[in-house]
Each structure stands twice: as structure tokens, then as C-alpha cells.
Number of protein chains: 2
Amino acid sequence: MRVTFLGTAAAGGVPLFGCDCLACKRATGDDAYRREPCSALIESGDTRILIDAGLMDLHRRFNPGDLDAILLTHFHPDHVQGLLHIRWGRGERIPVFIPPDEEGFSDLFKHPGLLDFRPQKAFAGFRIGPLTITPVPLAHSKPTFGYHFQDLDHARFSYLTDTCGLPPETSEFLRQQPPHGLALDCTFPPRPEPQGHNDWPLALEIIADISPSRAWLTHIRHDLDEWLIREQPALPDSVEIARDNGTSVLAGEPHGQV
Amino acid sequence: MRVTFLGTAAAGGVPLFGCDCLACKRATGDDAYRREPCSALIESGDTRILIDAGLMDLHRRFNPGDLDAILLTHFHPDHVQGLLHIRWGRGERIPVFIPPDEEGFSDLFKHPGLLDFRPQKAFAGFRIGPLTITPVPLAHSKPTFGYHFQDLDHARFSYLTDTCGLPPETSEFLRQQPPHGLALDCTFPPRPEPQGHNDWPLALEIIADISPSRAWLTHIRHDLDEWLIREQPALPDSVEIARDNGTSVLAGEPHGQV
Ligand SMILES: [Mn+2]
Ligand SMILES: [Mn+2]
Ligand SMILES: [Mn+2]
Ligand SMILES: [Mn+2]
Ligand SMILES: [Zn+2]
Ligand SMILES: [Zn+2]
């Protein structure tokens, strides 16, 4: 299974429009430090799945037929805004797996165009190509799913944004099958009381609890990037700050050894 | 007064995602034929005003302080979607003049961030720098304003999207002060019964009625572009098909001669 972070930013991105903090200045000067809206591409064999659709240039990055499915974590604009444009396209409909949310976003349900919305149930796994995918509930201000992927070689990857802490049943599910890779919401530098999203200590606490082989912090706000520049905090060996366009290959156990 | 069409497309743009019609193929091969979401920049002296905010890369095209105001015609996604991203920015708030519409778009009213929304009344003119701007009602599926600009040299420009025909009071207002330039919704090739937007014959009828010195057809759908390639229809001398990034300077009468 190959995981590529297409975007790793909280709403507003890095650089933030008009901001001249250290992190935003660095990203303005060097594209390698830019962060686009949080999203990832999961590939296995010929199967390609996009998690979240907040990239404003989705219609230029992909052609119809490039994606087998889109999985939406939730209907906040920074995770779906790219769909406003591509829905009017031509071609095969694109399956879009979503959490149950009657409101959706803007007029997407009224005018879905190319998009074939498929509401899912928590913990009810489904199959796309070689991947078995399980939606897991997160703790956010809208109905939100993380997604847990298992490949034919039993490589497991969990993608958990947006969330502040984890519901106990989600922690339990992930502890029972610790992922080889975990991408986790880490929006804020340390805060007295994180709301809506994990801050740095809460994200590290969750990672310690789940014990993935590797973890990436994502959905990063410019002020977390600035704090990282200033504080240079230590990280466990297995944990990285995700970067846009960073790709990793996750391998599971050989067949028959699980 | 200088008018630049930043985008001239109907929702979905040209090329349309996945479309291989003549117009979309032409635009894929040559950027000069691309059409981004319908919007325009109006400049007079140091004053810069953006009409509509559907461009997905607004945050890259402009810096805070570049714009004195944004005028929204209405709250359909293709006219406002670029605001979802830039609202989270830093800096001076941006005045955003809007038609009265309680619904707005997505959570923009709930989380306006940088945006300072200012609902306007039909025919109640207001001033931005040297420009006197009058909102005029249009006929569309949401509350929609066109905007009529008058400069210190009495150059007049009217921007009328999205609309299907014109309300009688708007036609009357414009006939009384025929604009030097008129940009008008022309979304469709000829249709039995245009809905929501002008088709080609209705747009030409409105132009004949208002008698502007020059007119541009805009908010163009890919199938109108395709029809134009095939049919090569004749146009009155004073009427053009708008193109993205096309700029025109409008001059009025010398002072005292109006
Ligand atoms: Mn988010
Ligand atoms: Mn969210
Ligand atoms: Mn429109
Ligand atoms: Mn419209
Ligand atoms: Zn910043
Ligand atoms: Zn087309």
C-alpha cells in the first residue's frame, strides 16, 4: 500500500493568506514548506483512492477514471471544497464514501453531478479493489469518520482527521489491530484545552496508546509550524511531521503469517 | 476605468472536467481558450474591486490589501467558492458587498474571518474610491445583483451575471444611462426556453435594448463555445465574446459635457 500526503494543512493552509509569521514566510519562500488542504492518496496495485477533497485544484490534478473512489472524512469546507467544481464534469460517476450527515455541504447533495454519494456505517467494512476499508468514528464538530485500510498483504493504515481525542470504541478497534501507519490530526501547538482538533501533546498521547509502527502528524496549522521552528521539540523515532507530497510504502506481514 | 475579465465561464469551467467536446479539447491544448469561474477586476486610479470570488486560486492571485472591496453578485458556489479559503487569512478585513440573502453560502456567515459582509439595497448607490456603484436586481434562482459603475470621467460599466432576461426596473435604469461597456450573462447556445441564464438570442436582445457602446458576452458554458466553433454566428460590431484575462479601458465624456 502506498500513501501520499497531497495536503497536510488545517483550514487556511500554510502560508495563510496575509500572514507573515515565521512558518508562513518560510512557505512563501520555498514551496517545499507549503501545506495544501489535508488529503491523501492511497494506492494498491491499480487501485487509487483519494481521502478528502479540499484541494482547490482537484480538477487539474486528476482526470475522470483516475480515482476508484473518494472517501470523505466529513463535510467541512476544507475537506470537500474541491468537489464544487469537478461535480459538473463528464464521464463515469465517482463513488464518494461519506459519514452519515444530512446537511452535507452547500448544494452538493442537491446537485451531485458526477458524484455518487454513499453514506457508510461506523465499523462496517467495505472493499475497494484489494483494500478492505473500515470507517471509524472520530470526535469532531460534525459527523466524522476516520478510515482504516487493510491490504491483501495485511498492511494496515489508519487515517484519522479531523478529531480531538478518539471515541473509546475507535481506540479499542485500533489497539486490537495496531496499524503499520497512522496519520493523525495534530492541528495546534500545546493548548490549555484542545477543542475540535488534537494539539501536540494529545496527538502524541493517542499515538502512544495505539502503538502504530509509524505515525505522521497532519492537518497542521501555521502556528504549529511556527512553534515547531521555535521549539524544535523532540519526537519519538517512529513519529514524523507529514509533508505535502511525501510518499511512504507500507508493507504488512507475508501471507499466512498474521 | 479598466475592466479585466479574470474568468468568463459558467459553473464547471472550460475545459469541463472529463469532457472531450471540441471546445474542451481546444482549451486543454491551449490555455488561451480556458475559462475560469466568472469574475472581473475593475480598476480606477488606485482603486481595485473584484466582482465575484469563484476563482479557486484567489489566495494566490491576490495579497491582502490588493483589493479595496469584493462585490458578490450572488451566493452560488461558482461565484463565491474562493472565499472559503481566504477568509481564514490575516490582515485588514475586506469589505464584501452582497445582495440580501439570509442563507449565504456554506458557513461563510458563521465564520466570516477576514470578510466584512455588507448587504446592499437595489438601486442604492455607494461609493468606493472614484467609483459610484449601483446594485441592480437580476432574474436568477437566488437573490442576485448586477453592478453598475460610474467613474469620475462618467465612464459607465455594467456587469450583469447571473441572469435570465432582466427585471423591467433594471432594463429601465440601464436604458436611461446606457453604459459604455456591458458584460452580460450568455451561458447557453440557443435553447427553446432559456432558464436561469440567458441563451445567445436572449443576450443579444438585451444588448439591443440597452444599447451600450460595447458589450461582452460572459459566463460561457463549454457547449456555447462548441456551438460558436461549429456555427461561427455573426455578431454586431460592438459585441464580443469575453476571454479570460482580456482587458479593456472604458472612457466617458470629458467633464462638463454629460
Ligand atoms: Mn479540517
Ligand atoms: Mn473539520
Ligand atoms: Mn454562475
Ligand atoms: Mn448562479
Ligand atoms: Zn502564519
Ligand atoms: Zn466540453
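Reading the values: rules and limits
Residues numbered from 1 in each chain as written. Chains lettered and ligands numbered in written order. Predicted model: local features only at pLDDT ≥ 70, side-chain atom pairs only at ≥ 80, totals over all residues. Heavy atoms only, no water. Donors = N, O, S within 2.8 Å, 3.2 Å for Na, K, Ca; no water. Buried < 20%, exposed > 50% of the residue type's maximum accessible area, 1.4 Å probe, protein only. 1 Å grid on protein atoms, 1.4 Å probe; cavity = no way out; pocket = protein on both sides within 12 Å on 5 of 7 lines; lining within 4 Å. Points joined across faces, edges and corners; volume = space filled by probe spheres on them. Nonpolar A, V, L, I, M, F, W, Y, C, P; charged D, E, K, R; others polar. UniProt positions renumbered as here; feature names shortened; annotations may be inferred. Helix = DSSP H or I, 4+ residues; strand = E, 2+ residues; numbered from the N terminus. Pairing = 2+ DSSP bridges. Axes fitted to C-alpha atoms, helices over the stretch in contact; angles between N-to-C directions. Polar contact = N/O pair within 3.5 Å; in protein donor to acceptor, adjacent residues only side chain to side chain. Contact = heavy atoms within 4.5 Å. Buried area = accessible area lost by both parts, 1.4 Å probe. Salt bridge = Lys/Arg side-chain N within 4 Å of Asp/Glu carboxyl O. Least-squares fit on C-alpha atoms with pLDDT ≥ 70 in both. Core = buried A, V, L, I, M, F, W, Y, C linked by side-chain atoms within 4.5 Å.

## Some points on the coordination of the manganese ion (ligand 2)
Residue and element names in this part refer to chain A.
- Protein coordination at the manganese ion (ligand 2) comes from His74 (NE2), His76 (ND1), His140 (NE2) and Asp162 (OD), with a distance range of 2.2 to 2.3 Å.
- Written as a sequence motif, the donor arrangement for the manganese ion (ligand 2) is H-x1-H-x63-H-x21-D.
- A relative accessible area of 1% places Asp162 in the buried class.

## Comments concerning the layout of surface pockets
- Taken as a whole, the second largest pocket encloses approximately 300 Å³ of empty space.
- Of the residues belonging to the lining of the second largest pocket, the class tally is four nonpolar, two polar and eight charged.

## Quick look at the UniProt feature "domain: Metallo-beta-lactamase" (unreviewed entry) in chain A
- When the UniProt feature table is mapped to this numbering, "domain: Metallo-beta-lactamase" (unreviewed entry) covers residues 37-219 of chain A.
- With 17% helix and 30% strand, residues 37-219 of chain A has end C-alpha atoms that lie 8 Å from one another.

## Remarks on the sheet that holds strand S14 (residues 247-249) of chain B
All names here are of chain B.
- Taken in spatial order, the seven strands of this open sheet run S6-S5-S4-S3-S2-S1-S14, and their pairing is mixed. Each edge of the open sheet carries a strand with a single partner, namely strand S6 (115-119) and S14. Averaged over all neighbouring strand pairs, the angle between strand axes comes to 20 degrees, with direction disregarded.
- The pairing of strand S3 (residues 47-51) with strand S4 (residues 69-71) spans three bridges and is classified as parallel. From the neighbouring strand, Leu50 faces S4, where its bridge partner is Ile70.

## Topic: the side chain of Arg156 of chain B
Residue and element names in this part refer to chain B.
- Locating Arg156 in the fold gives a position in strand S10 (residues 156-160).
- When its relative accessible area of 11% is taken as the criterion, Arg156 is described as buried.
- A distance of 3.0 Å separates a polar side-chain atom of Arg156 from the backbone oxygen of Pro178.
- Among residues more than four places away in sequence, those in contact with Arg156 are Met1, His148, Phe149, Gln150, Gln177, Pro178, Pro179, His180, Gly181, Leu250 and Glu253.

## Topic: the interface of chain A and chain B
- Across the boundary between the two partners, chain A contributes 32 residues, which contact 32 residues of chain B.
- Summed over both partners, the interface of chain A with chain B comes to about 2,600 Å²; 67% of that surface belongs to carbon and sulfur atoms.
- It is Phe17, Met56 and His85 of chain A that lose the most area in chain A upon contact with chain B, and together they represent 30% of the buried surface on that side.
- At the surface where chain A touches chain B, the tally comes to two salt bridges.
- If you look at where chain A meets chain B, you find seven residue pairs in polar contact (both at pLDDT 80 or more).
- Listed by contribution, the elements that provide at least two residues to the side of chain A that touches chain B are helix H2 (58-61) and helix H4 (83-86) of chain A.

## Digging into the coordination of the manganese ion (ligand 3)
Residue and element names in this part refer to chain B.
- The coordination sphere of the manganese ion (ligand 3), as far as protein atoms go, consists of Asp78 (OD), His79 (NE2), Asp162 (OD) and His219 (NE2), spread over 2.2 to 2.3 Å.
- Each donor residue of the manganese ion (ligand 3) lies on one chain, and together they are spaced D-H-x82-D-x56-H.
- Separation of the manganese ion (ligand 3) from the manganese ion (ligand 4) amounts to 3.4 Å, with Asp162 serving as a shared donor to the pair. Of the two residues, His79 is situated in helix H3 (residues 77-80) and Asp162 in the loop between S10 and helix H5 (168-176); the sequence distance between them amounts to 83 residues. In terms of burial, His79 and Asp162 fall into one category: buried.

## Some thoughts on the relation of the copies chain A and chain B
- Mapping chain A onto chain B is achieved by rotating through 180 degrees and translating by 0.0 Å along the same axis, at an RMSD of 0.0 Å. Between the two chains, the operation in question is that of a two-fold axis.
- Comparing interface residues between copies, 100% of those in chain A also sit at the interface in chain B, which points to an isologous, same-surface contact.

## What to know about the nonpolar core
- With 48 residues, the main nonpolar core has Ile70, Leu72 and Leu83 of chain A together with Ile70, Leu72 and Leu83 of chain B as its most contacted residues.
- Within the residue set of this core, elements represented by two or more residues are H4, strand S5 (94-98) and strand S6 (115-119) of chain A together with helix H4 (83-86), strand S5 (94-98) and S6 of chain B.
- Setting aside residues up to four positions removed in sequence, Ile70 of chain A forms contacts with Leu50, Ala53, Leu83, Ile94, Pro95, Val96 and Phe97 of chain A.

## A few points about the pattern of salt bridges
- Overall, the coordinates contain 30 salt bridges over all chains when judged by the stated rule.
- A single salt-bridge network, built from bridges that share partners, covers Arg2, Glu43 and Arg48 of chain A.

## What to know about the environment of Leu152 of chain A
- Mapped onto the elements of the fold, Leu152 of chain A is located in the loop between strand S9 (145-150) and strand S10 (156-160).
- Taking the C-alpha atoms as reference points, Leu152 of chain A and Lys110 of chain A, 42 residues apart in sequence, are found 37 Å from one another.

## A few points about helix H7 (residues 222-231) of chain B
All names here are of chain B.
- Along H7, the residues that are buried comprise His222, Leu224, Asp225, Glu226 and Leu228.
- Buried residues in H7 make contact with helix H1 (22-29), helix H6 (200-210) and strand S13 (239-241).
- In the stretch just after H7, Gln232 is the one whose phi turns positive, near 45 degrees.

## Structural notes on the environment of Cys19 of chain A
All names here are of chain A.
- In this structure, Cys19 sits in the loop between strand S1 (2-7) and helix H1 (22-29).
- Accessibility expressed as a relative area gives 15% for Cys19, which makes it buried.
- Cys19 sits 203 residues away from His222 along the chain, and the two C-alpha atoms are 9.0 Å apart.

## Considering the sheet that holds strand S13 (residues 239-241) of chain A
Residues and elements named next belong to chain A.
- Strands sit in the order S7-S8-S9-S10-S11-S12-S13 across an open sheet of seven strands; the sheet is mixed. Single-partner strands in this sheet number two, and they are strand S7 (126-128) and S13. Taking each pair of neighbouring strands and ignoring which way they run, the sheet shows an average axis angle of 20 degrees.
- Bridge count between S7 and strand S8 (residues 131-137): three bridges; the pairing is antiparallel. Residue pairing for S8: Ile128 is matched across the bridge by Leu131.

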